[in-house]
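Fold and geometry: a report
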Amino acid sequence: SPVMPTKSPTTVGLCVFLRSVTWQRRADNMVSMTSLSDAIANNMYLSGNYAPVSQEVTAFDLQVIGELPTELNGRYLRNGPNPITDVDPATHHWFVGDGMVHGIRLREGRAEWYRNRYVGSTAVNAAKGLPDISGRNWNNSPTGPNTNVGAFAGTTWAMVEAGACPVELTYELETVGRNDFFGTLPGAFTAHPKIDPVTGEMHAIVYAWAEWMDHVQYVRVGKDGRVNRTVDIPLPGMSMVHDMSITNRYVVVYDQPVLVDFDLAFTGRFPFRWNAEYGNRVGLMPREGTAADIVWVDVPVGYVFHPMNAYDTPDGKVVLDVCFYDLMMRDDLLGPFGDAASRLMRWEIDPLTKRVSVTTVDSSVNEFPRHRGSLTGLPYRYGYCAQVDTGSMHWPTIKHDLISGERKVFDHGALRAAGEPVFIARPGSTDEDDGWLVTFVHDGSNDSTEFVVIDARDFERGYVAQVKLPARVPFGFHGNWAPDRN
């Protein structure tokens, strides 16, 4: 059974203080309105299509160009940062904006509705003049989930890393309250759990930088939505553990050189900074093992936000396909894109020799990697990425054949930028890439957004369908397809 973490009164006070200093907006940090536009122009994560939208919108019977596949019955959901109150552009970090979920519901070839809703939190509800949301706030975090959203165990969950509890949403994206997996989650959760397609269980590596300075925790959630296993994993420093991987044999821990920086924390800024001296390593923990069983392997110094997938090889090695940055948050302390661009790399790790073989799969920009979900942790062939180019508004969608090496590009057009490509398998399909890719595309020529459907097997076909949305969807983070279950 999970064991609730304990802290001394002194530790509790320090944790609350650090979080309040770092995450809450303070009046003395606000800039005057006369200088606001100039300040925003110098923070790209508040300008253009990164800029927040101000309205929560509901629209029905959306315009469709082309034909939506009738097999697509459910919701496409995506979460991202959207500050609800003024922030200081000189110090605002993209990762700390209030959460906003955007969703579109498809049924029998129709786009029935679009909604965007703030994810409730202490800060969001205070800004709206409402009471705090319900549910246990184990670390007194004022902020809420702004990074991922998906359906699991019959519930819609908004998620974020670094301590805050998941928030349950209704089908129509209204906030229900914090949901700590029905009272079974000891403390922190993550933005990037992995669902095992064989067991149906959800796996996560979680951290809480202000509360747990010396360890992260492995959390396993059963198909019933209740935590059934936790393992504390000591680390030499408090790394920003954004994501994780699973294979059939291992839980994979990424211990990387972006660490808590107290100088930033005590000035109210996003508290992580590059530290190359920390090194970079990957931990392989057997699925039913403990921290003492972890095999740690040094990998190239850099940073990985998002692995594409991972799997075991017949000869006992572990393959990790990752989007790899040479630097992260060394000079750009406002977001992830200012220091380096990520490229797609393959690490093949030998747990016996503790050596890694490194291959560059694609040297061009690759981010927000996805694969067919039924192959999570298993050998696979195809992966999909967004080619995020912060210097332009031209973000194609990339398909990688990891066996043949073929690379296909879906060009959305000039001034059109596509986000994370989510794969949806065609019902009954046997070919791995038989299905669709769905995402939001921002059109910089008229500052609008479309939901698009692409044939994952045939990029040359063009769009299968485009749905015009009634509101702009800012660049955000992650989402999922949540099929209706009848």
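In what follows, the structure referred to is the one given above.
The following refers to the structure shown. (Residues numbered from 1 in each chain as written. Predicted model: local features only at pLDDT ≥ 70, side-chain atom pairs only at ≥ 80, totals over all residues. Heavy atoms only, no water.)

**Quick word on the sheet that holds strand β8 (residues 167–169)**
If you walk across this open sheet you meet the 4 strands as β6-β7-β8-β9, and the pairing is antiparallel. Only two strands of the sheet have a single partner each, and these edge strands are β6 (148–152) and β9 (175–178). Going across the sheet, the axis of each strand differs from the next one's by a mean of 30°, ignoring polarity. The pairing of β8 with β9 spans 3 bridges and is antiparallel. Opposite Glu 168, over in β9, you have Gly 177 as the bridge partner. (Pairing = 2+ DSSP bridges. Helix = DSSP H or I, 4+ residues; strand = E, 2+ residues; numbered from the N terminus. Axes fitted to C-alpha atoms, helices over the stretch in contact; angles between N-to-C directions.)

**Some remarks on the packing of aromatic side chains**
Across all of its chains, the model carries 29 aromatic pairs by this definition. Note on Tyr 207 and Phe 272: the rings are 6.0 Å apart at their centroids and 85° apart in plane angle, and the pair reads as edge-to-face. Of this pair, Tyr 207 sits in the loop between β11 (202–206) and β12 (215–221) while Phe 272 is found in strand β17 (residues 272–274), placing the two residues 65 residues apart along the sequence. Across this residue pair, the class does not change: Tyr 207 and Phe 272 are buried. When the ring of Phe 262 is compared with that of Phe 266, the centres are 6.1 Å apart and the planes differ by 35°; the resulting orientation is tilted. Here Phe 266 falls in the partly exposed class, since its relative accessible area comes to 43%. One Lys or Arg, Arg 115, reaches over the ring of Trp 113 and ends 4.4 Å from the middle of that ring. The ring of Tyr 382 carries the charged tip of Lys 399 above its face, separated from the ring centre by 4.6 Å. (Phe/Tyr/Trp six-rings, centres within 6.5 Å; stacked < 30°, edge-to-face > 60°. Buried < 20%, exposed > 50% of the residue type's maximum accessible area, 1.4 Å probe, protein only. Lys NZ or Arg CZ within 6 Å of the ring centre and 35° of its normal.)

**With respect to the sheet that holds strand β13 (residues 227–234)**
Taken together, the 4 strands give an open sheet; going across it, the order is β10-β11-β12-β13, and neighbouring strands pair in antiparallel fashion. Edge positions in the sheet fall to β10 (194–195) and β13, since each of these pairs with one other strand and no more. When β10 meets β11, the two strands line up antiparallel, connected through 2 bridges. By the bridge assignment, Ile 195 is partnered in β11 with Met 202.

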